[in-house]
2 protein chains.
Amino acid sequence: MTLLTYNVKNVFSALRAAVAVIIDPLIKRRETHTLSLVVQKYGGASVSDVASIAKVAENIAARARGGDGIVAVVSAMAGETDRLMGLARQVMDPPDRRELDVIISSGEQVSSGLLCMKIKSLGYDAVSFQGHQVSIVTDNSFAGAKIRAIDDSRIREALAAGKVVVVAGFQGVDKEGNVTTLGRGGSDLTAVAIASVLGADACELYKDVEGIFSADPSVCASAVKLDKICYEEMLEMASAGSKVLQARAVELASKFSIPLHVRPMNAPGGGGTLVTEESDMETAESMEEAIISGVSADKNQAKLTIARVPDQPGVAASIFSELAREGVSVDMIVQNISHDGFNDVTFTVPRADFKRAAAAASGLAKSIGAQHTASEEKISKISLIGVGMKTHSGVAARMFETLAREEINIMMISTSEIKISCIVREEQTEPAVRALHDEFFGGGGK
Amino acid sequence: MTLLTYNVKNVFSALRAAVAVIIDPLIKRRETHTLSLVVQKYGGASVSDVASIAKVAENIAARARGGDGIVAVVSAMAGETDRLMGLARQVMDPPDRRELDVIISSGEQVSSGLLCMKIKSLGYDAVSFQGHQVSIVTDNSFAGAKIRAIDDSRIREALAAGKVVVVAGFQGVDKEGNVTTLGRGGSDLTAVAIASVLGADACELYKDVEGIFSADPSVCASAVKLDKICYEEMLEMASAGSKVLQARAVELASKFSIPLHVRPMNAPGGGGTLVTEESDMETAESMEEAIISGVSADKNQAKLTIARVPDQPGVAASIFSELAREGVSVDMIVQNISHDGFNDVTFTVPRADFKRAAAAASGLAKSIGAQHTASEEKISKISLIGVGMKTHSGVAARMFETLAREEINIMMISTSEIKISCIVREEQTEPAVRALHDEFFGGGGK
C-alpha cells in the first residue's frame, strides 16, 4: 500500500500575511535600542496566588532596576480559566463561543490588575492594558482567534514614561470590538506578538518547567533538558503535542527572529531553553550534530475514515472544504491508491472536534457516495523531531523498526523534512516514547 | 444657637450638564415606539449562581416572547465583587484605584456572558456588551466614575435584529479607554442611563427586596412597602442611607422622567414600588396626603469639627475647597454664629473618607489659624422624607420632640424642602427609627 500524505500545515499563512503588513515596518526600530527592551510572559502557575504574584513582581522589579524596559504578559491565575469554563458549561453546553470568550478573558483581566498593583506597591510605576486597550485586533474566530494587528502606541508611551507595562495575555478584540481569545496557550502568542511589534531584544517565557526536554520527563526518565532548539524543531514539537509552547507563538517568533527564552520561575536570569534560528545552532557545544532533538506525544487526537470514496477528481477537496466549513481543523490525512475505483480516506482531528467531524463525515459519506465511515477516538500521535533528519537518511526506518520491536502497531504515518509522526493506539503512547527516546538518545541524553 | 445649614448637594450638576448635551436630542425618539422597550436590571442576588441565572433568563424570555425589546443590565454574581476586592487588598492596601477597577469590573463581564448564554440556550438570540463595547464613556474618577455619554448604536442595531441585549453594569471606560467603575450600586445607574439614551418605556430594577419601605423592615417591624414614591423622595431616601437604589440612578431617572419599577425577582410582572414624577402621585389611592414617605438611617457617617475658626470672609470656602481637592465628599455642614470673632465648623463625611478628611482638617486648622479639631466616627444620620412636608408645618418640631422623648441627643440638624436629617450617636439609630416611624406612621402603615 502506498501512502499519500498531504501537508495541511497552512494554518499560519493567513496570520503571517496579515501581521507582516503592519509589523514589518516596525521591525527596523529595533536597531535604535540602547537599553534592553524585554517582553516577559508569566503563565498561570506563576500567578496562582497572592504569594506567587509577589514573586513575579519582584522578578520584574529586579529587571526594571537595571534600567530595562519591561512588558509583562500575564495569564489567568492557575485554575481560573478552567473554573470559568466550567461555570459556562453549567449554563450552556456547548457554550456560545462569543460569550465564552467574554467570560474566560476575565481571568487575565484580574491577574493583570493584581500584578500591576503589586509592582506599584514595590515602588515602580506600572500600568495594565487589556486587549481592547492596546488594540490587539484579531479575526472573529472566537476561542481561537488570530492576531491581525497590535497598536503599540500606548505601550510605547507608557515605556517612555518609565512604566512597567502589564498586558493581559490570551485576549484580543475583533474589528467590531467583540472580545476574542487566542486559544489555549494564547498568552505565549500575545507575548511574542508584542515582542515583534516592539522589536524587543528578547522574549522570556516563564513556565512551570525547567525548559524544553528531549521527551516528556514524566514519561521518559532519561529525557534531557535542551539548552537550545531551533524554531522549526520547536514548532514541530509544539504541533506534535509538546505543550510547553504554543505552536503559533513559535511560528511568529520565527518569522520575526525573536529569541525565545523558556525558563522556570526560579531561574529568572538564565537557564531554561533558548529557542532561536537554526544558524545559531551551528555553534552548539556538541561538535557532533544531533540527529533528533526530541520525541513528542500528542494524545489529543482522534481518527476518522471515510471508506470506499469514489476515485473522482475533486472528491478529496469536497471532503476537506466541508470539514473546514464546519471549523474542524484536520491534522494528518492519509489516502491509499485507488482500488477498483474507490479510496479510503483517513484523517485525524483534535479530540474536541471529534463529534462535529464525525457528524460531518457521515453527511459527507452519503453525499459523495462513499460506503461508510469508521472512527477511533483513542489514538495518539508519536513524533520524532530534528533538523538533523535532513542530512541523516534511514531515520524513518529506524523509528518503524523500534516500534515494531515493541509490538506497537502503526496506523498512520506522516512525514515532513524535520519530523516523522506515527499514529498508534493511545495506551501504547508511553512505551512508544520511551523506546524511541532510548533508541535515539541512547537512554542518557543526546 | 442659630444653625446655618448649607446645601452641598451639588454632586449631580456636572453629570446632568454633561449627559444632557448628548442625551437630550435622543429623548425625542421615545414617541416613535410602538412595542415596549424595557431596560431591566438584575442585581447580584438575582445572578448568584447558575440556577438563579436560569430564572433571570426565563424572566427575560417571557417578556421577549411578548415582543418587547429587552436590554438587561446585570451586576456581578453575589459576593464576586467582594471576593475580587479582597484579593486586590491582599496584594496592595489601599489598592491602586485604576487597577482595582480593572479587577472588579471583571465580575460583571462574567455574569453578562453567562446570562447571555442562558438566554441563547432558551432559544432567544442575545448578545452581551461590556462598557468598552457600547462606549459607556465616563470621567476618570476610578471607583466612582460619572457617565458622560453612551453610544447606543450597537444596542439599537442588536435590538433591531431581534436580539436581547445584555449589558455589563457598573463599568465604563474613560476617554483614553481606561476601565472605570461607577461606585457601589453603579449597575442601577447603568440601567437608568441606558434607559435614558434609548428612551425606554420603563426601567425595571430587580432586587432582593419587595420594594421601597417606609423604614428599614429589619429595624422597624411596622414598616410598610410603598406602592409609589416620587423621585425627590426616593433621592432623599437614597442619599439618607436607604441602600435599595443608588442616588445617582434616581437623579438621572428624574431628569429624563424614566419610571423606575423596583421589584422583587418573584414578581416580574408587577408588585414592588414605582418611582415616578410627583405629579403622578396626586392620583394616589389615599385621599389624605401622606406627610412623610419614609424614615431612613445612614450609619456610614463620621463627624469632624474645626474649632475656633477665625470669622473672616473666605475661610469656609478655603476649608471646603481643600476637602474637595482631597476628594472628600462632605454631606452636612453646620456652623454656628460667630462668638468673639471665632466659629466652630462641623461637617460630616462618609466613613470611608474619614481618615483623609481628618488629616486634611488638621492641616487646615493650622493654616487658617483655628484652635483644634475634634472628630467622632460613630454617628448616624436619621432622616424623615416626604413631599408632604412642603405643605405641613411643624414636622421638624414633632421630629425633635419624638427624639427628645426617647432621650436621644441631636448633634446636628440639616433640612431641605422634603427632608429633615438629624445626626445622633450610632447606637441610638434603631430606637430613633422605630420611634419616628411609630410617630408618623402610627405603628401600622401610613
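This text goes with the structure placed above it.
Residues numbered from 1 in each chain as written. Chains lettered and ligands numbered in written order. Predicted model: local features only at pLDDT ≥ 70, side-chain atom pairs only at ≥ 80, totals over all residues. Heavy atoms only, no water.

A. Up close: the overall build of chain A. What chain A contains, in helices and strands, is 13 helices and 19 strands. Considering chain A as a whole, with its 446 residues, one finds that 57% of them fall into the buried category. Taking all contacts inside chain A whose residues are at least 6 apart in sequence as the whole, residues at least 24 apart take part in 76%. For chain A, the exposed surface amounts to about 18,000 Å²; the carbon and sulfur share of it is 51%. (Helix = DSSP H or I, 4+ residues; strand = E, 2+ residues; numbered from the N terminus. Buried < 20%, exposed > 50% of the residue type's maximum accessible area, 1.4 Å probe, protein only. Contact = heavy atoms within 4.5 Å. Areas by Shrake-Rupley, 256 points an atom, 1.4 Å probe, with all protein chains shown as cover.)

B. A look at the interface of chain A and chain B. With 41 residues of chain A at the contact, the number on the chain B side is 41 residues. Counting the surface chain A buries against chain B, the share from its top three residues, V91, Q109 and M117 of chain A, is 20%. Summed over the shared surface of chain A and chain B, the result is 16 residue pairs in polar contact (both at pLDDT 80 or more). Those elements that place two or more of their residues in the side of chain A that touches chain B are helix 3 (80-91), helix 4 (97-104), helix 5 (106-121) and strand 4 (126-129) of chain A. Looking at the side of chain A that touches chain B element by element, the count peaks at 11 residues for helix 5 of chain A. (Buried area = accessible area lost by both parts, 1.4 Å probe. Polar contact = N/O pair within 3.5 Å; in protein donor to acceptor, adjacent residues only side chain to side chain.)

C. Up close: helix 2 (residues 50-65) of chain B. Residues and elements named next belong to chain B. In this model, helix 2 (16 residues) spans 22 Å end to end at C-alpha, consistent with the 22 Å of a helix rising 1.5 Å per residue. Along helix 2, the residues that are buried comprise V50, S52, I53, A54, V56, A57, N59, I60, A61 and A64. Note on helix 2: the residue one or two positions beyond its end, G67, has a positive phi of about 95 degrees. (Expected span 1.5 Å × (residues − 1).)

D. The pairing of strand 3 (residues 69-74) of chain B, seen in detail. Residues and elements named next belong to chain B. In terms of burial, strand 3 is a largely internal element, five of the six residues being buried. By the bridge criterion, six bridges tie strand 2 (residues 37-42) to strand 3 in an arrangement that is parallel. Bridge assignment links L37 to a residue of strand 3, and that residue is G69. Crossover connection from strand 2 via helix 2 to parallel strand 3: handedness right-handed. (Pairing = 2+ DSSP bridges. Right-handed = clockwise from strand over helix to strand, strands pointing away.)

E. Broad picture of unusual backbone geometry. All names here are of chain A. Look at the link from D93 to P94: it is a cis peptide, with omega at -5 degrees. In this structure, P94 sits in the loop between helix 3 and helix 4. With a phi angle near 55 degrees, R308 is a residue other than glycine that sits in the positive phi range. You can see R308 is positioned in strand 14 (residues 294-310).

F. Main features of the relation of the copies chain A and chain B. Expressed as a screw transformation, the operator carrying chain A onto chain B has a rotation angle of 179 degrees and an axial translation of 0.0 Å, and the superposed copies differ by an RMSD of 0.2 Å. The superposition operator between the copies reduces to a two-fold rotation axis. Within chain A, the C-alpha atom positioned nearest to the axis of rotation is that of S106 of chain A, 2.8 Å from it. A high fraction, 100%, of the interface residues of chain A reappear at the interface in chain B, so the copies pair face to face through one surface. (Least-squares fit on C-alpha atoms with pLDDT ≥ 70 in both.)

G. Structural detail: the sheet that holds strand 11 (residues 228-230) of chain B. Residues and elements named next belong to chain B. The strand order 4-7-3-2-10-12-13-11 describes an open sheet built from eight strands, whose pairing is mixed. Strands at the two margins of the open sheet, each flanked by one partner only, are strand 4 (126-129) and strand 11. Looking at each pair of strands side by side, their axes are set apart by 20 degrees on average, direction ignored. Bridging between strand 3 and strand 7 (residues 164-168) involves four bridges; their strand directions are parallel. Bridged to A72 within strand 7 is V166. Packed on one face of the sheet, helix 8 (residues 231-239) meets strand 11 and strand 13 (273-276) and runs near 85 degrees to strand 11. (Axes fitted to C-alpha atoms, helices over the stretch in contact; angles between N-to-C directions.)

H. View of the pattern of salt bridges. Applying the stated criterion to the full structure yields 48 salt bridges over all chains. Ionic pairing is found between E430 of chain A and K299 of chain A, a salt bridge with its closest N-O pair at 2.7 Å. Of this pair, E430 of chain A sits in helix 13 (residues 429-441) while K299 of chain A sits in strand 14, placing them 131 residues apart in sequence. For K299 of chain A, a relative accessible area of 34% gives the class partly exposed. Of the charged contacts in the structure, one is a salt bridge between E439 of chain B and R398 of chain B, with a shortest N-O distance of 2.8 Å. (Salt bridge = Lys/Arg side-chain N within 4 Å of Asp/Glu carboxyl O.)

I. Representation of the environment of C422 of chain A. Within the secondary structure layout, C422 of chain A lies in strand 19 (residues 419-425). Along the sequence, C422 of chain A and S375 of chain A sit 47 residues apart, while their C-alpha atoms lie 17 Å from each other.

J. Region of interest: the packing of aromatic side chains. Residue and element names in this part refer to chain B. Per the stated rule, a full pass over the model turns up four aromatic pairs over all chains. Relative to Y206, the ring of Y42 lies with its centre 5.0 Å away and its plane at 5 degrees, an arrangement referred to as stacked. Here Y42, found in strand 2, pairs with Y206, found in strand 10 (residues 202-207); they are 164 residues apart in sequence, far enough to count as distant. An identical accessibility class is assigned to Y42 and Y206; each is buried. (Phe/Tyr/Trp six-rings, centres within 6.5 Å; stacked < 30°, edge-to-face > 60°.)

K. Geometry of the sheet that holds strand 3 (residues 69-74) of chain A. Residue and element names in this part refer to chain A. Read from one edge of the open sheet, eight strands run 4-7-3-2-10-12-13-11, paired in mixed fashion. Of all the strands in the sheet, just strand 4 and strand 11 (228-230) have a single pairing partner and so form its edges. Across this sheet, the average inter-strand angle for adjacent strands is 20 degrees, counted without regard to direction. Strand direction decides the pairing type here: strand 4 and strand 7 (residues 164-168), joined by four bridges, are parallel. Counted as the bridge partner of A126 is V164 from strand 7. The strands that helix 5 touches are strand 3, strand 4 and strand 7; relative to strand 7, the one it contacts most, it runs at about 165 degrees.

L. Quick peek at the pairing of strand 7 of chain B. Summarising burial for strand 7 of chain B: five of the five residues are buried, a large majority. Across the two faces of strand 7 of chain B the burial is the same, with V164, V166 and A168 of chain B and V165 and V167 of chain B all buried.

M. Spatial organisation of the packing of helix 8 of chain B against helix 9 (residues 247-255) of chain B. All names here are of chain B. Two elements in contact, helix 8 and helix 9, have axes whose closest approach is 8 Å; the angle formed by their N-to-C orientations is 165 degrees. Between helix 8 and helix 9, the interaxial angle falls into the category roughly antiparallel. As helix 8 runs across helix 9, the sense of the crossing is left-handed. On helix 9, the residues that touch Y231, E232, M234, L235, A238 and S239 of helix 8 are A247, V250, E251, A253 and S254. (Parallel < 35°, antiparallel > 145°, perpendicular 65-115°, else oblique. Left-handed = near helix turned anticlockwise from the far one by under 90°.)

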